[in-house]
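Structural overview for review
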Amino acid sequence: MSAARKAERAGVSEAHRIVVKVGSSSLTTASGGLDADRVDALVDVLAKARSGGEREIVLVSSGAIAAGLAPLGLRRRPKDLARQQAAASVGQGLLMARYTASFARYGIRVGQVLLTSDDTSRRAHHRNASRTLDKLLAMGALPVVNENDTVATDEIRFGDNDRLAALVAHLVRADLLVLLSDVDGVYDGDPSKPGTSRIAQVREPADLAGIEIGSTGKAGVGTGGMVTKVEAARIAAAAGIPVVLTSAVHAADALAARDTGTYFHATGKRSADRLLWLQHASTPQGALTLDDGAVRAVVQRRTSLLPAGIAAVEGEFTAGDPVELRDSTGRAVARGLVNFDAKEIPQLIGRSTRELARELGPAYEREVVHRDDLVLLNP
């Protein structure tokens, strides 16, 4: 490879801590069930990349639901959540057993980390997830992360492991995210048709303007498609993390900074970890409508939301839940973690914290949403 080409992917060759995400279709057979050869091939690549101690790897692995299909006699991925959870319960153990045995060939220990979005947007849970991953890496183990499908509800699911991988990359302060699937990159058209070509570099979102991104994968055993992968790449790149999107068979080339797949250059800077989770992984459980003055204070001056600026409340939520903050037209301007239950807020609306403290006690002399627990939407 030319020096110029290597320089274009300097973010790969210089990366120390790398998050690698692999999709279900790259680990399983078309009928469901793990493909031991595929798993071993991936592990061979990751073990080699990790050898020498210069690189740390975090693996975000799909495949639990797909691995559980055949053992439960299911011909295809079920659509209902209950049967998905049953398949995940069976498949997650099989998946980890396979990884444990495969990495053991290289003397590498693995540690299972199962996450829900709720675990990572709440402050205390977020700290615990971060500490666990950091400690596993510090002790020489390789974390294997997956969504906790067996307990996640529709309201608190990531929905796909591509987005989970982007958020984990930010959580562990990764230098690089590699998204592996059955597709070898982003194309400027349908890759099955003649005349289309692979897009090697994406330096800014505008580089993909006008390009129709496919929504489904080939194998039909996962939840993501190219749309979710590109969105995950954008999330990571905007958080200062470069991304390589390619097929699992080209994993070694991707980690060696060779010209494979699509390379997304970092476009932004790192922000507070938990706020990225709050913006991209949380599902609002309700909404607070703000008056015009409160909207200006929250959006322009980046202040906390006080009771005096609230005009209305809707939804059923408890303290600590994510809620939308809306202007008078109903447009969502921010999202934050609320400090009061929904049933408490009506008595707070439009009143000062000093007045509330005198009448209801010192516990009410605080923000409804603190600025440290608040993220602006499309600022």
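Residues numbered from 1 in each chain as written. Predicted model: local features only at pLDDT ≥ 70, side-chain atom pairs only at ≥ 80, totals over all residues. Heavy atoms only, no water.

1. What about the overall build of the protein?
- Of regular secondary structure, the protein possesses 13 helices and 13 strands.
- With 379 residues in all, the protein has 51% of them scored as buried.
- Expressed as a percentage of contacts within the protein between residues at least 6 apart in sequence, the contacts between residues at least 24 apart total 73%.
- In the form shown here, the protein has an accessible surface area of approximately 16900 Å², with 48% of it arising from carbon and sulfur atoms. (Helix = DSSP H or I, 4+ residues; strand = E, 2+ residues; numbered from the N terminus. Buried < 20%, exposed > 50% of the residue type's maximum accessible area, 1.4 Å probe, protein only. Contact = heavy atoms within 4.5 Å. Areas by Shrake-Rupley, 256 points an atom, 1.4 Å probe, with all protein chains shown as cover.)

2. Observations concerning the pattern of salt bridges
- For the structure shown, the criterion picks out 18 salt bridges.
- The residue Arg17 makes a salt bridge to Asp134 at a minimum N-O spacing of 3.2 Å. Placement of the pair is Arg17 in strand S1 (residues 17-22) and Asp134 in helix H7 (residues 123-138), with a sequence separation of 117 residues.
- Since its relative accessible area comes to 14%, Arg17 is described here as buried.
- Owing to a relative accessible area of 24%, Asp134 belongs among the partly exposed residues under this scheme.
- Taken together, the salt bridges that share partners define one network made up of Arg17, Glu56, Asp134 and Arg173. (Salt bridge = Lys/Arg side-chain N within 4 Å of Asp/Glu carboxyl O.)

3. Considering the confidence of the model for the protein
- Model confidence for the protein is summarised by a mean pLDDT of 86, while 88% of its residues fall at 70 or above.
- This stretch, residues 216-224, has a pLDDT under 50; its non-local contacts, to residues over four places away or in other chains, come to 21 contacts. (pLDDT = per-residue confidence, 0-100.)

4. Observations concerning the packing of aromatic side chains
- Taken as a whole and assessed by the stated rule, the structure comprises two aromatic pairs.
- Between the aromatic rings of Tyr99 and Phe103, the centroid separation amounts to 6.2 Å while the plane-to-plane angle is 35 degrees, which identifies the pairing as tilted. Remark: Phe103 and Tyr99 occur in helix H5 (residues 81-104); sequence separation between them is four residues, near one turn of the helix. Take Tyr99 and Phe103: they sit in the same class, and that class is buried. (Phe/Tyr/Trp six-rings, centres within 6.5 Å; stacked < 30°, edge-to-face > 60°.)

5. Some words on the packing of helix H3 (residues 36-50) against H5
- Running from N to C, H3 and H5 cross one another at 50 degrees; their axes reach a closest spacing of 9 Å. As summarised for this structure, H3 and H5 are arranged oblique, according to the angle between their axes. H3 and H5 meet at a crossing whose hand is right-handed. Along its contact with H3, which presents Ala36, Val39, Asp40, Leu42, Val43 and Leu46, the element H5 presents Arg98, Tyr99, Ser102 and Phe103.
- Its residues placed into classes, the contact of H3 with H5 shows seven nonpolar, one polar and two charged. (Axes fitted to C-alpha atoms, helices over the stretch in contact; angles between N-to-C directions. Parallel < 35°, antiparallel > 145°, perpendicular 65-115°, else oblique. Left-handed = near helix turned anticlockwise from the far one by under 90°. Nonpolar A, V, L, I, M, F, W, Y, C, P; charged D, E, K, R; others polar.)

6. Regarding the sheet that holds strand S13 (residues 374-376)
- Taken together, the five strands give an open sheet; going across it, the order is S10-S9-S11-S12-S13, and neighbouring strands pair in mixed fashion. Where the open sheet ends on each side, the last strands, each with one partner, are strand S10 (310-315) and S13. Pairwise comparison of adjacent strand axes, ignoring direction, gives a mean angle of 25 degrees for this sheet.
- Note that strand S9 (residues 286-290) and strand S11 (residues 322-326) share three bridges and pair parallel. The partner of Leu288 across the bridge, within S11, is Leu325.
- Helix H12 (residues 292-299) rests against S9, S11, strand S12 (332-337) and S13 of the sheet, and its axis sits at about 110 degrees to S9. (Pairing = 2+ DSSP bridges.)

7. Some details on the environment of Glu324
- Summarising the element assignment, Glu324 is placed in strand S11.
- Along the chain, Glu324 and Leu337 lie 13 residues apart, while their C-alpha atoms are 8.9 Å from each other.
- Residues in contact with Glu324, not counting those within four places in the same chain, are Pro284, Gly286, Ala287, Leu288, Ala332 and Ala334.

8. Structural notes on the environment of Glu231
- Inspection of the secondary structure assignment puts Glu231 in helix H9 (residues 226-238).
- When the C-alpha positions of Glu231 and Asp162 are compared, they lie 8.2 Å apart, and in sequence the two are 69 residues distant.

9. A short note on the sheet that holds strand S7 (residues 243-247)
- Read from one edge to the other, the open sheet built from eight strands follows the order S3-S4-S2-S1-S5-S7-S8-S6, with strand pairing classed as mixed. The open sheet is flanked by strand S3 (110-115) and strand S6 (201-202), the only strands paired with a single partner.
- Its contacts with the sheet place H3 against S1, strand S2 (56-61), strand S4 (142-147) and strand S5 (176-181), and it is angled at close to 155 degrees to S2.

10. Examining H12
- Turning to H12, its buried residues number three or more, namely Ala294, Val295, Ala297 and Val298. Buried residues in H12, looked at end-on, bunch into an arc of 165 degrees, giving them a common side.
- Here the buried face of H12 lies against S9, S11, S12 and S13.
- The residue sitting at the N-terminus of H12 and contributing the capping side-chain oxygen is Asp291; that oxygen lies 3.2 Å from the backbone nitrogen of Gly293. (Arc of directions from axis to C-beta. Polar contact = N/O pair within 3.5 Å; in protein donor to acceptor, adjacent residues only side chain to side chain.)

11. Details of the pairing of S12
- Counting buried residues in S12 gives five out of six residues, a clear majority hidden from the surface.
- Counting the residues between successive antiparallel strands, the hairpin from S11 to S12 contains five residues, one of them, Gly330, with a positive phi of roughly 95 degrees.

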